[in-house]
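Examining the three-dimensional arrangement
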Amino acid sequence: MTTPARWYGPPVSLRARRQTLIERADLHGDAFCQAYAYAADEWLTSLFNDATNGDGRGMALVAVGGYGRHELCPFSDLDVVLIHKGRKDISTTADKIWYPVWDEGIALDHSVRRPNDVLDMASEDLRVALGLLDGRLICGDRKVADPVIDGARDRWVKQKPPWLGVLADLVDERHQAYGDVGFLLEPDLKESHGGLRDIAALTAMMQAVPALADYVDTVAVEGARIVLTDIRVELHRRAGRELNKLLLQEQDQVAAALNEPDTDSLMRAVATAGRTVAWEGDDAWRRRSAWSRAQGARSLRSSSKRGRSASADAVDFTVLPGDSGVGIADDEVVLTESADLTGDPSLSLRMAAVSAERNLPISRDALNLLGRKAPAPPVPWPGELRATLVRVLATGSPAITALEALDRRKLLERYIPEWAAVRNKPQRNPYHRFTVDRHLLEATANAATFSRQVSRIDLLLVGTLLHDIGKGFPGDHTDVGMIVAAEIATRMGFAPDDVAILVTMVRLHLLLPDTATRRDLDDPATAERVAHEVGNRVTLELLAGLVEADSLATGPSAWGSWKAGLVADLVERTGRLLAGEPAAPPTPWVTDELRMIMDTVRTHGMPALSIEDPIVTVIAPDRPGLLAEVTGVLALHGLNVRSAVVAGENGVAVEMFTVEPSRGRWPVAALLSDDLAAIMSGTLAIEDQLAERARTYRNAKRASTPHLVSLQVTVDNNASASATVVEVRAEDVVGQLHRITRALVDCQLDVTSAKVSTFGSAVVDAFYVHGPDGKKITDPHQVAALERAVEERVSHQVQG
């Protein structure tokens, strides 16, 4: 433990001492925690001495939990127990200690108990038992404190009562509730999986089962604890209160305070620390559970098979003839005596394959040996080695655990050196839920389920594994990724034609989802462009598998029935073209039933509305700005538009929207219809109401997403043979589609269809438009005016 910064000078309040320590720019992490803990010790000691008039016999003040470990962050609770041997003045004495603490506004978790009562509580309350493991005397009678602290630790070691099973269940529940430090955009440094609470639980487990310490990299765990503590102290310092969740708006300032180059560097350090703790902890808990089962089985055998050979209790060991050097012992994948550690480049991957296929962990000893001795593969890889990689990847989800075990000893980068660039690399947006390396493994695991949908599963798996590899390097991740993927695939020994396909998969990995969600699939130019880019049906089926695998791994908002349907439609249309078959004629969406309703609207002049999940259809007298008005009303009622098509005949317009309810429930159709009629009659102040909702929504969003989206407007005359495509990337705020369509109306443009995609805090809206003459917008002055109009409408809201 480093020597803490002690407090010197006349006694002052703890609150003042804490503030002085907070203002010291040289105090970070453990140095701060220890300095504050010692200041608290001195102050509480003075209170104790005053309360007891210097006679503390038969009484002791004990620090427990984080305070007991000297891990006292700026606004952590003071966890203390006042232990006494039946002193009659204990109640008055305790009040003289507690009330000054409360008067200072310091958070206090306290209890007053006799020694036996403390130990009894430790037998009844796991939290008390855990706190006492870190107990230490602050002041008072050591003869009172030491037996209690030693007794609590002795009971824990002997597991009387057997708390470890309860602790394991609580750890699992907490992980489910708080997610992973290594992957969350805003992790809870204390409670999340891989956080400080896990380190305390791991330490407690090793105290109860000392043999586990041989299987835990305590140096790595301690390094992770230091990183997380450094950040937690800065969070408290900045917030002026206890704050353990690393909020987005705090990350830049915390990075600067800790002299990190940038926020990505900070979050990479967080991910590295969190995943280290999670891996070490999960492995230790698994091992403890396995040992418990084994002990129970041995006890059962010894009681039911007395008199039989001692070999009945011997460790089961299985040699795998098909995997030289690999065996199974004690439910772990192990190295056998015949393993060629330095001469067999496939050994690590074959161990991973067996681990994934049998859902068994690789032994810690094997990983350590391989980490020290395993060679890099030859270049190019022999076919057997390439097949072994595919064998691992084809197991699906189990491959994630197996390959991440290899990566703990940096064995994965022996095969793919570029992996080091994406390891623990954060993706700081709400759209992605994993670091880049974990995302690649998750996507590949998803791709493994599509083996019957593609003719080359090896290319699908490797292409998916490499599709975002460029994110580890400077520059556009697709452009850089193509170069890196070509180098990797060539080293792996793929044939030149296969290398070309893998590079195409990286280059076009966003083509299908972007086109399907932003372009009119009924426009023949859409499928023609995709067919030209893809080139052949093999590549098309690989891209189709990749996009689904990638989207599923990205996050819950990246793949759904709407997007899946659009992509499938696009793939089907493109496949027909590549097969030389005629394109299927577009399905007319203005049905005879709609035409009958159009006749009624034309006669009576009142709009008609139909809601049939997920379609909202509006039929109304046609007029300039109708689309903007309708999208405004839909936004006002909490409906997010995903796509829109527009048609009109003889003064009546039909607008059909694919929508999603933003609040999880559909609006009342009658209220929606009333507002639609009101806006058309000019009695609904839609702009004011949308602006107010946008401000409320945006302020709440800023609290968790401070990095706002930059506005981009693109006018494309090549995407369609008959229309100009206006694409707008902007911040996702209430009524954004309404504002953009209003800008198009201001430019006298006719919108025939629209596609809306949401990516975290951004939306990308694409509009197919014609000018007043029914043609494309090709005049440079008109294009510039259009861009300005959209920018002014959207920027006005952003500034507001």
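Whatever comes next refers back to the structure up there.
Our subject in this report is the structure included herewith. Counting restarts for each chain: residues are numbered from 1 in the order of the written sequence. The predicted nature of this model means local features are confined to residues of pLDDT at least 70 and side-chain atom pairs, given and counted, to a pLDDT of 80 or more, with totals for whole chains, interfaces and linings taken over all residues. Note that water and hydrogens are dropped before the side-chain values are worked out from all heavy atoms of the structure.

Some details on the sheet that holds strand 1 (residues 59-63)
On the basis of which strands lie adjacent, the open sheet formed by four strands has the order 3-2-1-4 and mixed pairing. The sheet is open, and its two borders are formed by strand 3 (108-113) and strand 4 (136-140), each paired with just one other strand. Along the sheet, successive strands turn relative to each other by an average axial angle of 25 degrees, direction set aside. A pair of strands is considered paired only if DSSP assigns at least 2 bridges between the two. Only DSSP runs of H or I covering at least 4 residues are called helices, and only runs of E covering at least 2 are called strands; the numbering of each starts at the N terminus. Looking at chain direction, strand 1 and strand 2 (residues 78-84) are connected through five bridges and run antiparallel. Note on strand 2: the bridge partner recorded for Ala-63 is Val-80. Together, strand 1, strand 2 and strand 3 form the strand contacts of helix 4 (residues 90-103), whose direction differs from that of strand 3 by roughly 175 degrees. Helix axes use the C-alpha atoms of the stretch in contact, all axes being lines fitted to C-alpha atoms, and the angles between their N-to-C directions lie in the range 0 to 180 degrees. Residue contacts follow a heavy-atom distance rule, with two residues in contact if any of their heavy atoms lie within 4.5 Å.

Quick notes on the state of the cysteines
Two cysteine sulfurs form a disulfide in these notes if their separation is within 2.5 Å. Inspection of the entire model under this criterion finds zero disulfides. Considering cysteine sulfurs only, Cys-33 is the nearest to Cys-73, which forms no disulfide, with 3.9 Å between them.

A closer look at a negative patch on the surface
Patches draw on residues past 30% relative accessible area with no salt bridge. Two like charges within 9 Å are joined, as are two nonpolar side chains (Val, Leu, Ile, Met, Phe, Trp, Tyr) within 5 Å. The Shrake-Rupley method, run with a 1.4 Å probe sphere, supplies the accessible areas, and residue values consider only the shown protein chains as cover. Whenever a carboxyl oxygen of Asp or Glu lies within 4 Å of a side-chain nitrogen of Lys or Arg, that contact is scored as a salt bridge. Two residue types count as positive, namely Lys and Arg, and two as negative, namely Asp and Glu; His and chain ends fall outside the count. Charged side chains are reduced to one point each, which is NZ for Lys, CZ for Arg, CG for Asp and CD for Glu. A cluster of like negative charges, contributed by Asp-169, Asp-172, Glu-173 and Asp-282, occupies part of the molecular surface. Broken down by element, the negative patch gets its largest block of residues, three residues, from helix 8 (residues 164-178). Note on placement: Asp-169 falls in helix 8. Relative accessible area serves as the criterion here: at 46%, Asp-169 is assigned to the partly exposed category. The classification of residues rests on relative accessible area computed with a 1.4 Å probe and restricted to protein chains. Under 20% of the type maximum is buried, over 50% is exposed, and intermediate values are partly exposed.

What to know about helix 19 (residues 436-447)
One less than the residue count of a helix, multiplied by 1.5 Å, gives the span that helix is expected to have. Between its first and last C-alpha atoms helix 19 spans 16 Å; for twelve residues at 1.5 Å apiece the expected length is 16 Å, and the two agree. Counting buried positions along helix 19 yields twelve of twelve residues, so the element is predominantly enclosed. Looking at helix 19, one finds that the buried residues are Val-436, Asp-437, Arg-438, His-439, Leu-440, Leu-441, Glu-442, Ala-443, Thr-444, Ala-445, Asn-446 and Ala-447.

With respect to the packing of aromatic side chains
Any pair of Phe, Tyr and Trp rings, taking the six-membered ring for Trp, is counted once the centres come within 6.5 Å. Such a pair is stacked with planes under 30 degrees apart, edge-to-face with planes over 60 apart, and tilted for the rest. The full count for this structure, using the stated rule, is four aromatic pairs. Pairing Tyr-99 with Trp-102 gives two aromatic rings, centres 5.1 Å apart and planes at 85 degrees, and the pair type is edge-to-face. Taken as a pair, Tyr-99 and Trp-102 lie in helix 4 at a separation of three residues, close to a single helical turn. Using a relative accessible area of 45% as the deciding quantity, one classes Tyr-99 as partly exposed. Ring geometry for Phe-183 and Phe-434: centres 5.2 Å apart, planes at 85 degrees, overall edge-to-face. A residue pair is termed long-range when its members are at least 10 positions apart, and Phe-183 in the loop between helix 8 and helix 9 (196-208) and Phe-434 in the loop between helix 18 (419-422) and helix 19 qualify at 251 residues. Across the pair, exposure class does not vary: Phe-183 and Phe-434 are buried alike. Both a distance and an angle decide whether a charge sits over a ring: NZ of Lys or CZ of Arg must be within 6 Å of the ring centre and within 35 degrees of the ring normal. Across the ring face of Tyr-67, the terminal group of Arg-136 is positioned such that the distance to the ring centre comes to 5.1 Å. Between Arg-386 and the ring centre of Phe-494, over which it is positioned, the NZ or CZ distance is 5.3 Å.

Quick word on unusual backbone geometry
Put simply, Lys-160 and Pro-161 share a cis peptide bond, and its omega is 0 degrees. Mapping Pro-161 onto the fold places it in the loop between helix 7 (142-158) and helix 8. Although it is not a glycine, Asn-53 adopts a positive phi angle of roughly 55 degrees. With respect to the helices, strands and loops of the structure, Asn-53 is situated in the loop between helix 2 (29-52) and strand 1.

Quick look at the pattern of salt bridges
A complete count under the given rule lists 50 salt bridges for this structure. Its salt-bridge partner being Arg-286, residue Asp-283 comes within 3.0 Å of it at the nearest N-O pair. Residue Asp-283 and its partner Arg-286 are both found in helix 12 (residues 263-304); the two are separated by three residues, about one turn of the helix. Under the relative-accessibility criterion, Arg-286 is labelled partly exposed at 26%. A salt bridge links Arg-602 to Asp-599; its shortest N-O distance comes to 2.7 Å.

Comments concerning the nonpolar core
We call a set of buried residues a nonpolar core when its members are Ala, Val, Leu, Ile, Met, Phe, Trp, Tyr or Cys and they connect through side-chain atoms within 4.5 Å of each other. Within the largest apolar cluster, 86 residues are counted, with the highest numbers of intra-cluster contacts made by Met-351, Leu-403, Trp-419, Val-462 and Leu-512. It is helix 13 (residues 347-358) that contributes the most residues to this core, seven residues altogether. Residue contacts for Leu-403: discarding those within four places in its chain leaves Leu-349, Ala-352, Val-392, Leu-393, Leu-412 and Leu-441. Judged by nonpolar contacts, the second largest core, of 53 residues, contains Leu-235, Leu-243, Leu-246 and Leu-247.

What to know about the pairing of strand 10 (residues 639-649)
The sheet contact formed by strand 10 and strand 11 (residues 652-661) spans ten bridges and is antiparallel. Bridging across to strand 11, Val-641 finds its partner in Val-659. Counted along the chain from strand 10 to the antiparallel partner strand 11, the turn is two residues long, and its residue Asn-650 has a positive phi close to 50 degrees. Here strand 10 runs beside strand 14 (residues 750-759); their pairing, made up of three bridges, is antiparallel. Bridging from a neighbouring strand, Ala-644 pairs with Ala-754 of strand 14.

As for the side chain of Thr-93
Its location among the elements puts Thr-93 in helix 4. Note on Thr-93: relative accessible area 2%, which makes it buried. When sequence neighbours within four positions are dropped, the list of residues in contact with Thr-93 reads Ala-51, Thr-52 and Met-59.

Looking at empty space enclosed by the protein
Left-over empty space is what a probe sized like a water molecule reveals as it rolls over the atoms. Cavities and pockets are defined on a 1 Å grid built over the protein atoms alone: a cavity is a set of grid points where a 1.4 Å probe fits but cannot escape, while a pocket is an open set with protein on both sides within 12 Å along at least five of seven lines, and lining residues are those with an atom within 4 Å of any such point. Grid points are joined across faces, edges and corners, and a volume is the space filled by probe spheres set on the points. Under the defined criterion, the tally for this structure stands at six cavities of 30 Å³ or more. Taken as a whole, the largest cavity holds about 130 Å³ of empty space. Along the wall of the largest cavity there are 14 residues; nearest its centre are Gly-182, Phe-183, Leu-184, Pro-426 and Gln-427. Put simply, Ala, Val, Leu, Ile, Met, Phe, Trp, Tyr, Cys and Pro go in the nonpolar bin, Asp, Glu, Lys and Arg in the charged bin, and everything else, Gly too, in the polar bin. By residue class, the composition of the lining of the largest cavity is nine nonpolar, four polar and one charged. In this structure, the second largest cavity spans a volume of roughly 60 Å³. Every element with two or more residues in the lining of the second largest cavity is listed here: helix 5 (115-124) and helix 7.

Some details on the environment of Lys-776
When you line up the elements, Lys-776 lands in the loop between strand 15 (762-770) and helix 32 (780-799). With a relative accessible area of 23%, Lys-776 lands in the partly exposed category. Along the backbone, Lys-776 and Ser-397 are 379 residues apart, and their C-alpha atoms lie at a distance of 49 Å. Residues in contact with Lys-776, not counting those within four places in the same chain, are Asn-717, Ser-720, Ala-721, Ser-722, Ala-723 and Thr-724. Here a polar contact means two N or O atoms within 3.5 Å. Within protein one must be a hydrogen donor candidate and the other an acceptor candidate, and residues neighboring in sequence count only if both atoms are side-chain atoms. At a separation of 2.6 Å, a polar atom in the side chain of Lys-776 contacts the main-chain carbonyl oxygen of Asn-717.

Structural notes on the packing of helix 6 (residues 126-133) against helix 7
In contact at an axis separation of 9 Å, helix 6 and helix 7 are set at 115 degrees when each is read in the N-to-C sense. Like other packed secondary-structure pairs, helix 6 and helix 7 cross with a definite hand, here left-handed. Judged by residue contacts, Leu-126, Ala-129, Leu-130, Leu-132 and Leu-133 of helix 6 engage Ile-149, Ala-152, Arg-153 and Trp-156 from helix 7. Take the far helix as your reference; a near helix turned counterclockwise from it by less than a right angle gives a left-handed crossing, and one turned clockwise gives a right-handed crossing.

Thoughts on the environment of Arg-452
Along the chain, Arg-452 turns up in the loop between helix 19 and helix 20 (457-466). Exposure remark for Arg-452: the relative accessible area of 84% places this residue in the exposed category. Taking the C-alpha atoms as reference points, Arg-452 and Glu-629, separated by 177 residues in sequence, lie 47 Å from one another.

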